[in-house]
Amino acid sequence: MSKPCIICVAITGSLPRKENNPAVPVTLDEQVESTQAAFEAGASIAHCHVRNDDQSPSSDPDRFARLMEGLNTHCPGMIIQLSTGGRSGAGRERGAMLPLKPDMASLAVGSNNFPTRVYENSPQLVEWLADEMLAYDIKPEIEAFDLSHIHQAATLAEQGKIKAPLYVQFVMGVKNAMPVDKPTFGFYIETLKRLAPDAHWCGAGIGANQLILNEWSIAAGGHTRTGLEDNVRWDKTSLAPPMPPWWSGWRSCVRSTSARWPPGNRRARSSGSRRPDDSPQRPLTAVTIGCIAICTEGFHKCGIHRCSFDHRNLA
Ligand SMILES: [Zn+2]
């Protein structure tokens, strides 16, 4: 069987607001509803932020607790990943929700520039967050905004500060950080395999390059991420809808290429481990991103939606 592809949905993030795209879910009810729709369409990991009533980002453990309760009820078996990102708080406030023991939490292991500020992750804070995740048996998703972060993650794993195998997300396309660059993407994979051969990885493209990273990641055998946190636009002239039109195409393509896909697999999976690295094999052998169905046999157009990609480059 081919290697399963895990789809993470980042439904809210800390930046997009209703005025950017009315579909961005900001209340807890909206977040649960949006995540459930993605879950039923095949997403396995929910990457979660919470917001204050004025839409500003928050690290409030009570809000995270209520969100987790809703997701556990409406998305049984979905892996819940809480963000410890730096826009939602300062210092240890960023990890105040970790005692809730989510399945996963994001962990930035180094600093870098963001569009208008420094994304500061001091060694002391990184070690504290990693310790907390170890103590509460939370699987970290390493946010690699830079090549040095991959090296740092491997070092922390060698030191026993992060439990192996690593789960690393390559984040590309953030202004002033690593751009979406194919040779660098390839070198990321090569470096991670060399330093941590048992590691799993995921690709996330921010902004206009979201779908490009999805394609590269799936084609290279990795996992990938989608959602309005990373991109609120469908194309240059229109906003991304709450339930992107590709979901339905995705499901039909998956069904047509994998008889093992239907949701019963998720129920079987939820009775076992909830960690992406040691979960039972997820029998997803094809996904559709945008209008492109990508399966183990290669690439083909699903023919359902408009497409802006040059398929000639995808073989
Ligand atoms: Zn996030």
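Each remark here, short or long, concerns the structure printed above.
Only a predicted model underlies this, so the values are computations on that prediction, with no experimental measurement involved.

Draft legend 1. Up close: the environment of Ala 154. Within the fold, Ala 154 resides in helix α4 (residues 147-158). Each residue touching Ala 154, except ones within four places of it in the same chain, is listed here: Leu 195 and Ala 196.

Draft legend 2. Molecular detail of the sheet that holds strand β5 (residues 79-82). On the basis of which strands lie adjacent, the closed barrel formed by eight strands has the order β1-β2-β5-β6-β9-β10-β11-β12 and parallel pairing. Strand-to-strand twist across the sheet, computed as the mean angle between neighbouring axes with direction ignored, equals 25 degrees. Here strand β1 (residues 7-10) pairs with strand β2 (residues 45-48) via three bridges, running parallel. By the bridge assignment for β2, Cys 8 is matched with Ile 45. On top of the sheet, helix α3 (residues 123-135) reaches β6 (104-108) and β9 (139-144); it is set at about 160 degrees to β6, its chief contact.

Draft legend 3. Region of the structure containing the nonpolar core. Within the largest apolar cluster, 70 residues are counted, with the highest numbers of intra-cluster contacts made by Ala 46, Ala 153, Leu 166, Val 168 and Phe 170. Excluding residues within four positions of it along the chain, Ala 153 makes contact with Val 109, Ile 142, Ile 162, Leu 166 and Val 168.

Draft legend 4. Geometry of the pairing of strand β10 (residues 167-172). Most of β10 is tucked away, with six of its six residues classed as buried. Burial along β10 is two-sided: the face carrying Tyr 167, Gln 169 and Val 171 and the face carrying Val 168, Phe 170 and Met 172 are both buried. Pairing of β9 with β10 involves three bridges; the strand directions are parallel. Each bridged residue has a counterpart across the sheet, and for Ala 144 the counterpart in β10 is Phe 170. Where β10 lies against strand β11 (residues 200-205), six bridges are found, and the strand directions are parallel. Bridging across to β11, Phe 170 finds its partner in Gly 203. In terms of handedness, the path from β10 via helix α5 (residues 182-195) over to β11 forms a crossover that is right-handed.

Draft legend 5. Looking closely at the environment of Asn 72. Assignment of secondary structure puts Asn 72 in helix α2 (residues 61-74). Sequence-wise, Asn 72 and Val 32 are 40 residues apart; in three dimensions their C-alpha atoms are separated by 9.5 Å.

Draft legend 6. Quick peek at α2. Here α2 contains 14 residues, and its C-alpha end-to-end distance of 20 Å stays within 8% of the 20 Å for a straight helix at 1.5 Å per residue. Within α2 the residues assigned to the buried category are Phe 64, Leu 67, Met 68 and Leu 71. Along the axis of α2, the buried positions cluster into a sector of 100 degrees, meaning they face one direction only. Among the exposed residues of α2, those oriented more than 90 degrees off its buried face are Asp 62 and Thr 73. Those residues of α2 that are buried are in contact with α1 (28-40), β2, β3 (50-51) and β5.

Basis of the calculations
Residues numbered from 1 in each chain as written. Predicted model: local features only at pLDDT ≥ 70, side-chain atom pairs only at ≥ 80, totals over all residues. Helix = DSSP H or I, 4+ residues; strand = E, 2+ residues; numbered from the N terminus. Contact = placed C-beta atoms within 7 Å. Pairing = 2+ DSSP bridges. Axes fitted to C-alpha atoms, helices over the stretch in contact; angles between N-to-C directions. Core = buried A, V, L, I, M, F, W, Y, C linked by C-beta atoms within 7 Å. Buried ≥ 20, exposed ≤ 12 C-beta atoms within 10 Å, placed from the backbone. Right-handed = clockwise from strand over helix to strand, strands pointing away. Expected span 1.5 Å × (residues − 1). Arc of directions from axis to C-beta.

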